[in-house]
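Chain residues, written in single-letter form:
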Amino acid sequence: MEACINVEKEIEKVLSKFGAFNDHVYRTLNELLEYVQNLQKEIGEAPSTNEVTAAQALILTQCCKKVKDVVASMATEHRDLHGTVSKVGKAIDKNFVADFASTSNEEVFQGTENAKLLNQVISEHFLRQGMLDIAEELIKETGLQMELQKKEPFTELNRILEALKRKDLEPALAWTKCNRSKLIEQNSSLEFRLHRLNFIALLQQGIFKQEEAIAYARKNFQHLASQHEKDIQVLMGCLLYLKQGVENSPYGYLLDPVYWEEICDIFTRDACALLGLSVDSPLAVCTNAGCIALPALLNIKQVMQQRLVTGVWNTRDELPIEIDLGRKCHFHSIFACPILRQQSSENNPPMRLVCGHVISRDALHKLANGSKLKCPYCPMEQNPSDAKLIHF
């Protein structure tokens, strides 16, 4: 962020100078044109038989000199602008490191299977974003075999989301009705929130929609009363203020546009949970995580190169430093060996001992003495081969 701010300052200087130069050029050229036009008019009014006098010749000479001086001055000022523009490039080079190869591993995307998985992830991202044409074209060009049943959920979700953005609740309500039992199992409030928006829309139309609003409530809130009793009571209280307008009542907060904004997020979250999908696109999550981690990795790589200890980062499967990506990127529990104080990995997974204590595989091998192992936390002796690999 600091690098972006530094570059932005240089860009603001360039824009400021360009603006000042533009104003100066416009004003100077207008004055010069007016001066030349007046001189032309004065000479044109003189009798055509008269010869150019010495005074007029002097004036013409001065005019030509003035035009040349103005043009030369503008050229000089324009050249000065090039120096200011070049500083932007220097600021970018100074604040941003262009060599990202030192923190990347190109082997990850090599091989037919890896390329196929990458294309599949990109295709699913486009499907999630509603870019169906782009996704179809990518699937066609890369030769992916994506089944129709995998595409249909994304198509339906995007169709419903587009309708919600237009404040059309019917497609979403039809979807919740078809999946009501599953939504109840995951304790979703989506159906109630959709009906609440429809009910409030009726209330906004005043006393003339009172009977229609009551009928709508009886039809759609009855099966939701057990879960949303208090919220429904609040909605019923709005009926008392139809004459003066709900917006002028204590329930005016129900008309806040934020309810329309949040319904899209709620639908996306509940629908993805129902379909066994993550709310965010895996590609977007990886990209965001990389953007957060990249500056720290570039800094530590630069420090290693300066101190000639690049060999410390001997494998790219492990990070040389701990990077906090924030709560949004915490997806699962992390096990750290209590003996070696190292985070578990595929090559060093957690192992459960017979006594129930858990240590890493490396710690297990170091503590083992042939076919005997004494647990570091309890006096129980056991065979190292009895330890079980566990997954968190």
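Now for a look at the structure at hand. Quick caveat, the model's predicted, so the values are computed rather than measured.

## Looking at the packing of aromatic side chains
Then, number 1: Under the defined criterion, the tally for this structure stands at 4 aromatic pairs.
Then, number 2: Judged by centre distance (5.9 Å) and plane angle (65°), the rings of tyrosine 241 and tyrosine 251 are edge-to-face. Of this pair, tyrosine 241 sits in the loop between helix 10 (229-237) and helix 11 (258-275) while tyrosine 251 sits in the loop between helix 10 and helix 11, placing them 10 residues apart in sequence.
Then, number 3: Overall, tyrosine 241 belongs to the partly exposed group, its relative accessible area being 24%.
Then, number 4: Three or more aromatic residues link up through ring pairs in this structure, and these residues are Phe192, Phe199 and Phe221.
Then, number 5: Lying over the aromatic face of tyrosine 35, lysine 66 brings its terminal NZ or CZ to 4.4 Å of the ring centre.

## Here's the deal with the sheet that holds strand 2 (residues 358-360)
Within a sheet, adjacent strands bond to each other through the backbone by hydrogen bonds, running parallel or antiparallel.
Then, number 1: A sheet is described by the order of its strands in space; here 3 strands give the open sequence 2-1-5, paired in antiparallel fashion. Only two strands of the sheet have a single partner each, and these edge strands are strand 2 and strand 5 (388-389).
Then, number 2: Judged from the 2 bridges that link them, strand 1 (residues 350-352) and strand 5 form a sheet pairing that is antiparallel. Residue pairing across strands places arginine 352 opposite lysine 388, the latter belonging to strand 5.

## Details of the pattern of salt bridges
Then, number 1: Applying the stated criterion across every chain, the model contains 6 salt bridges.
Then, number 2: The salt bridge involving lysine 65 is made with aspartate 69; its shortest N-O contact spans 3.1 Å. Here lysine 65 and its partner aspartate 69 are both found in helix 2 (residues 54-95), 4 residues apart, which amounts to about one turn of the helix.
Then, number 3: A salt bridge links glutamate 212 to lysine 209; the shortest N-O distance between them is 3.0 Å.
Then, number 4: On the accessibility criterion, glutamate 212 (41% relative accessible area) is partly exposed.
Then, number 5: Residue classification places lysine 209 among the partly exposed residues on the basis of a relative accessible area of 25%.

## Considering the side chain of serine 188
Then, number 1: If you trace the backbone, serine 188 turns up in the loop between helix 7 (180-185) and helix 8 (190-203).
Then, number 2: Among the polar contacts listed, one links the side chain of serine 188 to the backbone nitrogen of leucine 190, at a separation of 3.1 Å.

## Examining helix 9 (residues 210-220)
Then, number 1: Looking at helix 9, one finds that the buried residues are Ala213, Tyr216, Ala217 and Asn220. Looking straight down helix 9, one finds that the buried residues subtend no more than 100° of arc, so they occupy a single side. Opposite its buried face, helix 9 presents the exposed residues Glu211, Arg218 and Lys219, each directed more than 90 degrees away.

## Quick word on the nonpolar core
Then, number 1: In terms of nonpolar packing, the biggest core is built from 36 residues, with Leu164, Leu194, Phe199, Leu203, Phe221 and Phe267 touching the most fellow members.
Then, number 2: Taken together, the elements giving at least two residues each to this core come down to helix 5 (148-165), helix 6 (170-178), helix 8, helix 9, helix 10 and helix 11.
Then, number 3: In this view, phenylalanine 199 contacts Ala213, Tyr216, Ala217, Phe221, Leu235, Met236 and Leu239; residues no more than four positions away in its chain are not counted.

## Looking at the environment of cysteine 291
Then, number 1: Mapped onto the secondary structure, cysteine 291 falls in helix 12 (residues 282-306).
Then, number 2: Owing to a relative accessible area of 55%, cysteine 291 belongs among the exposed residues under this scheme.
Then, number 3: Sequence spacing of cysteine 291 and leucine 325 is 34 residues, and the spatial spacing of their C-alpha atoms is 9.7 Å.

## Observations concerning the packing of helix 8 against helix 11
Then, number 1: Close contact between helix 8 and helix 11 brings their axes to 10 Å; oriented N to C, the two are set at 155°. Classified by the interaxial angle, the pair formed by helix 8 and helix 11 is roughly antiparallel. With respect to the hand of their crossing, helix 8 and helix 11 are arranged in left-handed fashion. In this structure, helix 8 contributes Leu190, Arg193, Leu194, Arg196 and Leu197 to the contact, and helix 11 contributes Tyr259, Trp260, Glu262, Ile263, Ile266, Phe267 and Asp270.
Then, number 2: Class assignment of the residues belonging to the contact of helix 8 with helix 11 gives a composition of 8 nonpolar, no polar and 4 charged.

The rules behind the values
- Residues numbered from 1 in each chain as written.
- Predicted model: local features only at pLDDT ≥ 70, side-chain atom pairs only at ≥ 80, totals over all residues.
- Heavy atoms only, no water.
- Phe/Tyr/Trp six-rings, centres within 6.5 Å; stacked < 30°, edge-to-face > 60°.
- Helix = DSSP H or I, 4+ residues; strand = E, 2+ residues; numbered from the N terminus.
- Buried < 20%, exposed > 50% of the residue type's maximum accessible area, 1.4 Å probe, protein only.
- Lys NZ or Arg CZ within 6 Å of the ring centre and 35° of its normal.
- Pairing = 2+ DSSP bridges.
- Salt bridge = Lys/Arg side-chain N within 4 Å of Asp/Glu carboxyl O.
- Polar contact = N/O pair within 3.5 Å; in protein donor to acceptor, adjacent residues only side chain to side chain.
- Arc of directions from axis to C-beta.
- Core = buried A, V, L, I, M, F, W, Y, C linked by side-chain atoms within 4.5 Å.
- Contact = heavy atoms within 4.5 Å.
- Axes fitted to C-alpha atoms, helices over the stretch in contact; angles between N-to-C directions.
- Parallel < 35°, antiparallel > 145°, perpendicular 65-115°, else oblique.
- Left-handed = near helix turned anticlockwise from the far one by under 90°.
- Nonpolar A, V, L, I, M, F, W, Y, C, P; charged D, E, K, R; others polar.

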